[in-house]
Amino acid sequence: MATNKNALIRYKHLDTLLSDRHHYYDINDLTEKVNQLLQDEGFQTVTRRCIEKDLVYLTERPFCAPIKRFKHNGKNCVVYKNPSFSIFIQEMSREERHLLRELLNTLGQFDGLDNFGWLDKFKSGLGNTRRRQIISFSNNPYLQNSNLLGTLFDHISNEVVIRLHYHTFSNRTTRSIDFHPYLLKQVNNRWFLLGAADDDGKILTFALDRIDKVEPLPEKKYVPCLEDLSERFEDIVGVTLYEDRPIEHIVFWASDASKDYIMTKPIHESQTSIKGETENNLHEKHPQFEGGAFFSIDCIPNYELIRELCSFGKDLIVLEPSSIQNQVFNRISMMVEDYLKVRT
């Protein structure tokens, strides 16, 4: 009985791997993948010969699986002829169909999902009707390469290594890198792709409007991300992380016109309002500021931080440290110089 149970578990995992249209597996890959899944579930591993026998058995009754073998880059790969085939196909229950329809009703009302054409087809297949929009996400209609969102979403969810062709902001020359994609992140209406370089595993960030082309590399083994990438954004504003820079304690004053806005929409999640004796000391030290409020943030300086601090103009003044204050001052000074040149 245990042997039969183990065989069914292997068939379930093989069924998933054989229908995977994003990777090409040979018998060694299938054995490694199945054994990894068996170990995770507390079962004993099996030999390559056992997996070979399982594949033969799947082509026979009652499964009659349409298995195809082909060569790709020197590997003898094994797949289902029809990727949508499964030995465990079951009809959705009425309750499952109803729940899925409601979820798609909600998801389909979000802006910014233009690249997921399959979503509309899926909803049509469920007999879904269009409902009025009741929630909307911010969307940038002028974003370059927004069509890549669907492609990259697909590669990330299916753990596919890609070859990324890209250019930098200052150089239009196309470069290439083999890349393990992990996360799509939107910041200030721009989309960014985070992942690891194939050669050294270093985490890199690419703006979608700097990506020229994406090629899937199904023959390459995907390396999952072992860290929580969301933690990389805890100490920064935006997406640019300089790992060699320390966290700075930044103190600034905001005018009465901006303090409530800054309080309800913090510049950084570490932002705190300065009150009590510390606030009194700052007022004594800076008597030129009438009203307003003092705030502090703790983050790693980058271009996005300086740009954000400058965006408030005279309604936000950085008090410390002097290094951040100088960067803001220099940026504003250069802007003033440029305006003086164009004024008539």
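Residues numbered from 1 in each chain as written. Predicted model: local features only at pLDDT ≥ 70, side-chain atom pairs only at ≥ 80, totals over all residues. Heavy atoms only, no water.

A. Spotlight on unusual backbone geometry. The linkage connecting Arg61 with the following residue, Pro62, adopts the cis geometry, with an omega of 10 degrees. Note that the residue after Glu320, namely Pro321, is joined by a cis bond; omega there is 0 degrees. Turning to its location among the elements, Pro321 is positioned in the loop between strand 11 (316-320) and helix 10 (322-342). Residues other than glycine seldom take positive phi values, yet Cys64 does so here, at roughly 50 degrees. Residue placement: Cys64 occurs in the loop between helix 3 (48-58) and strand 1 (67-72). (Helix = DSSP H or I, 4+ residues; strand = E, 2+ residues; numbered from the N terminus.)

B. Examining the layout of surface pockets more closely. Counted as a void, the largest pocket has a volume near 800 Å³. As for the largest pocket, its lining consists of 28 residues, and the residues nearest its centre are Phe192, Thr205, Ala207, Val239 and Thr240. Residue assignment for the lining of the largest pocket shows that the elements contributing at least two residues are strand 5 (190-197), strand 6 (203-207) and helix 9 (303-310). The dominant element in the lining of the largest pocket, judged by the number of residues it contributes, is strand 6, at five residues. Of the residues in the lining of the largest pocket, the class split is 15 nonpolar, six polar and seven charged. (1 Å grid on protein atoms, 1.4 Å probe; cavity = no way out; pocket = protein on both sides within 12 Å on 5 of 7 lines; lining within 4 Å. Points joined across faces, edges and corners; volume = space filled by probe spheres on them. Nonpolar A, V, L, I, M, F, W, Y, C, P; charged D, E, K, R; others polar.)

C. Seen up close, the nonpolar core. Core analysis: the biggest nonpolar cluster contains 23 residues, and Leu18, Leu30, Leu55, Leu58, Ile67 and Ile87 have the highest contact counts within it. Counting only elements with at least two residues in this core, the list comes to helix 1 (2-18), helix 2 (27-40), helix 3 and strand 2 (75-80). Looking at this core element by element, the count peaks at six residues for helix 1. Those residues in contact with Leu55 that sit more than four places away from it in its chain are Leu14, Leu18, Ile27, Leu30, Ile67, Arg69 and Val78. (Core = buried A, V, L, I, M, F, W, Y, C linked by side-chain atoms within 4.5 Å. Buried < 20%, exposed > 50% of the residue type's maximum accessible area, 1.4 Å probe, protein only. Contact = heavy atoms within 4.5 Å.)

D. Quick peek at the sheet that holds strand 10 (residues 293-299). Pairing is antiparallel across the open sheet formed by four strands, whose spatial order is 9-10-8-11. Every other strand in the sheet has two partners, leaving strand 9 (272-273) and strand 11 as the edge strands with one partner each. By the bridge criterion, seven bridges tie strand 8 (residues 248-254) to strand 10 in an arrangement that is antiparallel. Considered in strand 10, the bridge of Trp253 is made with Phe294. (Pairing = 2+ DSSP bridges.)

E. Representation of the packing of helix 2 against helix 3 in the model. Between helix 2 and helix 3, whose axes approach to 9 Å, the crossing angle comes to 105 degrees. Taken together, helix 2 and helix 3 sit at an angle that is classed as roughly perpendicular. Contact residues: helix 2 offers Ile27, Asn28, Leu30, Thr31 and Val34, while helix 3 offers Arg48, Ile51, Glu52 and Leu55. Partitioned by chemical class, the residues of the contact of helix 2 with helix 3 number five nonpolar, two polar and two charged. (Axes fitted to C-alpha atoms, helices over the stretch in contact; angles between N-to-C directions. Parallel < 35°, antiparallel > 145°, perpendicular 65-115°, else oblique.)

F. Highlighting the packing of aromatic side chains. Across all of its chains, the model carries 11 aromatic pairs by this definition. Ring centres of Tyr11 and Tyr57 lie 5.6 Å apart, and the angle between their planes is 25 degrees; on these two criteria the pair is classed as stacked. Taken together, the positions of Tyr11 in helix 1 and Tyr57 in helix 3 put the pair 46 residues apart, joining distant regions of the chain. With a relative accessible area of 35%, Tyr57 lands in the partly exposed category. Note on Phe179 and Phe206: the rings are 5.3 Å apart at their centroids and 85 degrees apart in plane angle, and the pair reads as edge-to-face. Residue Phe179 is found in strand 4 (residues 175-187), and its partner Phe206 is found in strand 6; the two are separated by 27 residues along the sequence. Each member of the pair Phe179 and Phe206 is classed as buried. Members of the aromatic cluster, connected to one another through ring pairs, are Tyr11, Tyr57 and Phe63. In this structure, Lys68 is placed above the aromatic ring of Phe70, and the distance from its NZ or CZ to the ring centre is 5.5 Å. Looking at Arg245, its charged tip hangs above the ring of Tyr242, at a distance of 3.8 Å from the centre. (Phe/Tyr/Trp six-rings, centres within 6.5 Å; stacked < 30°, edge-to-face > 60°. Lys NZ or Arg CZ within 6 Å of the ring centre and 35° of its normal.)

G. Here's a closer look at the pairing of strand 3 (residues 162-166). Counting buried residues in strand 3 gives four out of five residues, a clear majority hidden from the surface. Looking at chain direction, strand 3 and strand 4 are connected through five bridges and run antiparallel. Bridged to Leu164 within strand 4 is Ile177. Two strands pair when backbone bridges link them, and strand 3 and strand 7 (residues 211-216) are joined in this way by five bridges, in the antiparallel orientation. Its bridge partner being in strand 7, Arg163 is matched across the sheet by Glu215.

H. Representation of the side chain of Gln271 within the structure. Relative to the helices and strands, Gln271 resides in the loop between helix 7 (256-264) and strand 9. Leave out the neighbours within four places in its chain, and Gln271 touches Phe252, Ile262, Met263, Pro266, Phe295, Ser296 and Ile297.

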